[in-house]
Each structure stands twice: as structure tokens, then as C-alpha cells.
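Remarks on the overall topology
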Amino acid sequence: MARISFLDWPVFRQFRSGDTTGRGPAVTSQQTKDMRPRTEDADTVARSVCPYCAVGCGQLVYAKDNKVIQIEGDPDSPISRGRLCPKGSASEQLVNASGRITEVLYRAPKAKEWTTLDLDTALDMIAERFLEARRNHWQDKDSEGRHLRRTMGVASLGGATLDNEENYLIKKLFTAAGAIQIENQARI
């Protein structure tokens, strides 16, 4: 570690530079001068929404070489105005966690091991099961002949991480499919 001359002390720098109030360059250390923002090396910046709760705080996601390097609050967000809670501030750790599963895993009935599926296959399996449950549990009329046009084989349970727009679209989708058991924390 280099020795510091007493001439480098802030009070002497203050008099040498003419910064009489001690609020300018006289009090700036070399370490502070050498600092640079963590986001300086980013190739791209994308606007996003924090994934943790239904508040919907705005985030700026900085990436370099297609890898997230920093996530910060978005000052242009009318909801959070650049602020994030501790969980939102740690979103980068969620994205870059070494234990994060990044592929679709499927365990067949009575199987002991998980297998990897491609996304299209998994979505096709979900759609087939949805349609089969709807078809098998469809109720067109009740015992007195009144029209029901509903299914009791499909339900939706939403969480707080969905915003109002997403919950609205889910409600419309499941209602159009004939489901009547639709619940989420937004209480649409």
C-alpha cells in the first residue's frame, strides 16, 4: 500500500485547489476518481417488471454477451420511481443462480427419474390434458334442463406475482373455456 503524503490530505488539497468549502474536487479521493458504474460494460438495457410481487416495480436489466450483469430500479417507472425492495434488488441473483433450472423437466407417472422435454412438447402435453379434462367434465345442462355450459374439470389458481392485466386475460381465457373455478389474490 502506497504511503500518503500529508500534502495529499483533504485539507491541504482544499487550499491548493481553491475549494474553500471542501465540497468539490479537494475531498475526492483517488479511489473515488477511479470508480466506475457496474453497468458501464453492458451491451443492452431492457425494461422489465420485478417478478416477486403484484406491485409491479419497474426494473432496468443490463446484459453483456446475452448474460444479465445487473438489475436496477427503473427511474421512469410510475410505480416504483427507481426504487426496489431487497428482494427486487437481488433479482440478478435469481437470474444467474447456479442451481437455477433452465429446462423443462417431466416425471412420468410411477417413474423414479425426471426427463428433459423441449418446450413445444411440454406445451402440447398441457394443452391436450386441458382439453381432455374440459371434454370429460363438461356439463351442458342440469337435471332440470337449464343451460350450464361449464366444466368442472378445469380450475385456475393465480398468485400475487401476476399483474391485473395478466389476471384479466387469465379470467377471460378460463371463462371462455367454461371454467367457473377461477381464483387469484387480485379478486377480479
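Residues numbered from 1 in each chain as written. Predicted model: local features only at pLDDT ≥ 70, side-chain atom pairs only at ≥ 80, totals over all residues. Heavy atoms only, no water.

**Quick word on the domain arrangement of the protein chain**
- Split by domain assignment, the protein chain resolves into domain 1 (1-35), domain 2 (44-96) and domain 3 (117-187).
- Look at where the C-alpha atoms of domain 2 and domain 3 centre, and you get two points 31 Å apart. (Domains from an automatic or database assignment.)

**Thoughts on the UniProt feature "domain: 4Fe-4S Mo/W bis-MGD-type" (unreviewed entry) in the protein chain**
- Here, the residues flagged by UniProt with the feature "domain: 4Fe-4S Mo/W bis-MGD-type" (unreviewed entry) are residues 43-99.
- Along residues 43-99 the backbone is 18% helical and 35% strand, and the end-to-end C-alpha distance reaches 25 Å. (UniProt positions renumbered as here; feature names shortened; annotations may be inferred. Helix = DSSP H or I, 4+ residues; strand = E, 2+ residues; numbered from the N terminus.)

**What to know about a nonpolar patch on the surface**
- A surface patch of nonpolar side chains, about 440 Å² in accessible area, is lined by W9, V11, F12 and F15.
- Of note, F12 is situated in helix 1 (residues 10-17).
- Exposure remark for F12: the relative accessible area of 33% places this residue in the partly exposed category. (Patch = residues over 30% accessible without salt bridge, like charges linked within 9 Å, V, L, I, M, F, W, Y side chains within 5 Å. Areas by Shrake-Rupley, 256 points an atom, 1.4 Å probe, with all protein chains shown as cover. Salt bridge = Lys/Arg side-chain N within 4 Å of Asp/Glu carboxyl O. Buried < 20%, exposed > 50% of the residue type's maximum accessible area, 1.4 Å probe, protein only.)

**Section: unusual backbone geometry**
- Despite not being glycine, R81 has its phi angle at roughly 50 degrees, a positive value.
- Here R81 is to be found in the loop between strand 3 (67-73) and helix 3 (86-89).
- Accessibility expressed as a relative area gives 58% for R81, which makes it exposed.
- Unusually for a residue other than glycine, R149 sits at a positive phi of about 50 degrees.
- Inspection of the secondary structure puts R149 in strand 7 (residues 147-157).
- Of the residues examined, R149 reaches a relative accessible area of 52% and is grouped as exposed.

**Things to note about the pattern of salt bridges**
- Taken as a whole and assessed by the stated rule, the structure comprises six salt bridges.
- Close ionic contact of R47 with D74 constitutes a salt bridge, the shortest N to O distance being 2.5 Å. Linking R47 in strand 1 (residues 44-49) with D74 in the loop between strand 3 and helix 3, this pair joins segments that are 27 residues apart in sequence.
- On the basis of relative accessibility, which here comes to 55%, the residue R47 falls in the exposed class.
- Relative accessible area serves as the criterion here: at 6%, D74 is assigned to the buried category.
- The partner of E144 in a salt bridge is R146, with the nearest N and O atoms 3.5 Å apart.
- Assessed through its relative accessible area of 61%, E144 is described here as exposed.
- In this structure, a network of salt bridges that share partners links the residues R36, E40 and D41.

**Describing the sheet that holds strand 7**
- The three strands are arranged 6-7-8 in an open sheet whose pairing can be described as mixed. Since the sheet does not close on itself, it has two edges, and those belong to strand 6 (138-141) and strand 8 (179-183), each with one partner. Pairs of neighbouring strands in the sheet enclose a mean axial angle of 25 degrees, with direction left out of account.
- Pairing analysis gives three bridges linking strand 6 to strand 7, with the strands arranged antiparallel. Note that in strand 7 the partner of Q139 across the bridge is R150.
- Packed on one face of the sheet, helix 5 (residues 119-136) meets strand 6 and strand 7 and runs near 140 degrees to strand 7.
- Contacts between helix 6 (residues 164-176) and the sheet are confined to strand 7 and strand 8, with strand 8 contributing the most and set at about 160 degrees to the helix. (Pairing = 2+ DSSP bridges. Axes fitted to C-alpha atoms, helices over the stretch in contact; angles between N-to-C directions. Contact = heavy atoms within 4.5 Å.)

**Here's the deal with helix 6**
- Look at helix 6: 18 Å from first C-alpha to last across 13 residues, which is about the 18 Å you get at 1.5 Å a residue.
- After helix 6 finishes, the residue G178 shows a positive phi value of roughly 100 degrees. (Expected span 1.5 Å × (residues − 1).)

**Some thoughts on the packing of aromatic side chains**
- Enumeration according to the criterion identifies one aromatic pair in this entry.
- With 5.8 Å between their ring centres and 75 degrees between their planes, F130 and F174 make a pair best called edge-to-face. With F130 in helix 5 and F174 in helix 6, this pair connects stretches of sequence that are 44 residues apart.
- What makes F174 buried here is its relative accessible area of 13%.
- Over the face of the ring belonging to W114 we find R107, whose NZ or CZ atom lies 5.7 Å from the ring centre. (Phe/Tyr/Trp six-rings, centres within 6.5 Å; stacked < 30°, edge-to-face > 60°. Lys NZ or Arg CZ within 6 Å of the ring centre and 35° of its normal.)

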